[in-house]
Amino acid sequence: MEPTSEPASVWYQDGLRFECTQCGNCCTGGPGAVWFTPDEGRAMAASLGLDEEEFLRRYSRRIGTRRSLNEHRGERGFDCTFLDRTSLPGKAVCGIYAVRPQQCRTWPFWPENIESDAAWAEAKARTPCPGMGRGRLYSFVEIRIQRDLDRKATPFGVDS
Ligand code: SF4
C-alpha cells in the first residue's frame, strides 16, 4: 500500500520530531543485530576498499540464516563494529555513515517503534534516544516512507 493512501488517523498524523544528537546509544547496548542486504554489504565493502568476502569475514557474523555486522563489547555495551567514539570529542558517530544499512537509516521510525505512542516512548526510554521528540518535524508521509523502507529491506542471507 502506498504511504499516502493510508488513513491519517494514526497517533502520529501530525508528525514526529527527531534530530540525532550523535550520542551513539542506538548503536550499542545489549547484544543485537544490524542486518544488511547483499547490496549494502557490497557498498560497505567498497567504501572500505575490501572485496566482499574479506568484508564479510572481518566485519560480520552469521546469526541463523542471516548475517549481521559485528559488535564489540565496550564500556557502554555492545558497540556496532563501525561505531566511532574517538573522532569527534564527546560524540559517537558512524564510521561508514554514507553507506550504513537501511536498518540504521530508518531509525527511529521502525514499525515496532511507531505502533503506538507508548511504543515510541518505550523505545525512546529504552535506548535511550535523546533525539526522539526533538528537532525536525517529520511529516506523516515521511514517517510512513521510513517505516516501509525498513519493512522492505531484505537481510543478507534470506534471499542470497
Ligand atoms: S540514540 Fe538517538 S540521538 Fe543517539 S545516536 Fe542514536 S539516533 Fe542519535
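Everything numeric here is computed off the predicted structure, so don't read it as measured data.

S.K.: Please set out the layout of surface pockets residue by residue, giving values where relevant.
M.R.: Here the largest pocket is characterised by a volume of approximately 1100 Å³. Around the largest pocket, the lining is made up of 46 residues, and of these C26, C27, Q103, C104 and W107 lie nearest the centre. Contributions of two or more residues to the lining of the largest pocket are made by β5 (77–80), β7 (93–94), α3 (102–105), β8 (136–138) and α5 (140–152). With three residues, α3 is the largest single contributor of residues to the lining of the largest pocket. Of the residues that constitute the lining of the largest pocket, the class distribution is 25 nonpolar, 13 polar and eight charged.

S.K.: Describe the site of the ligand, and please don't skip the residues or the numbers.
M.R.: Near the ligand there are 14 residues, and of these C20, C23, G24, C26 and C129 occur at the shortest range. Among the cavities detected, the one that contains the ligand is the largest pocket. The class makeup of the residues in the shell around the ligand is eight nonpolar, six polar and no charged.

S.K.: Give a detailed account of the pattern of salt bridges, specifying residues and quantitative values.
M.R.: Overall, the coordinates contain ten salt bridges when judged by the stated rule. Ionic pairing is found between E54 and R58, a salt bridge with its closest N-O pair at 2.9 Å. Separated by four residues within a single helix, E54 and R58 lie in helix α2 (residues 52–59), roughly one turn from each other. Judged by its relative accessible area of 44%, R58 falls in the partly exposed class. R85 serves as the salt-bridge partner of D79, at 2.8 Å between the closest nitrogen and oxygen. Owing to a relative accessible area of 10%, D79 belongs among the buried residues under this scheme. The network of salt bridges with common partners includes D39, R42 and E52.

Cut-offs used in this document
Residues numbered from 1 in each chain as written. Predicted model: local features only at pLDDT ≥ 70, side-chain atom pairs only at ≥ 80, totals over all residues. Heavy atoms only, no water. 1 Å grid on protein atoms, 1.4 Å probe; cavity = no way out; pocket = protein on both sides within 12 Å on 5 of 7 lines; lining within 4 Å. Points joined across faces, edges and corners; volume = space filled by probe spheres on them. Helix = DSSP H or I, 4+ residues; strand = E, 2+ residues; numbered from the N terminus. Nonpolar A, V, L, I, M, F, W, Y, C, P; charged D, E, K, R; others polar. Near = heavy atom within 4 Å. Sits in = over half its atoms within 2 Å of the grid points. Salt bridge = Lys/Arg side-chain N within 4 Å of Asp/Glu carboxyl O. Buried < 20%, exposed > 50% of the residue type's maximum accessible area, 1.4 Å probe, protein only.

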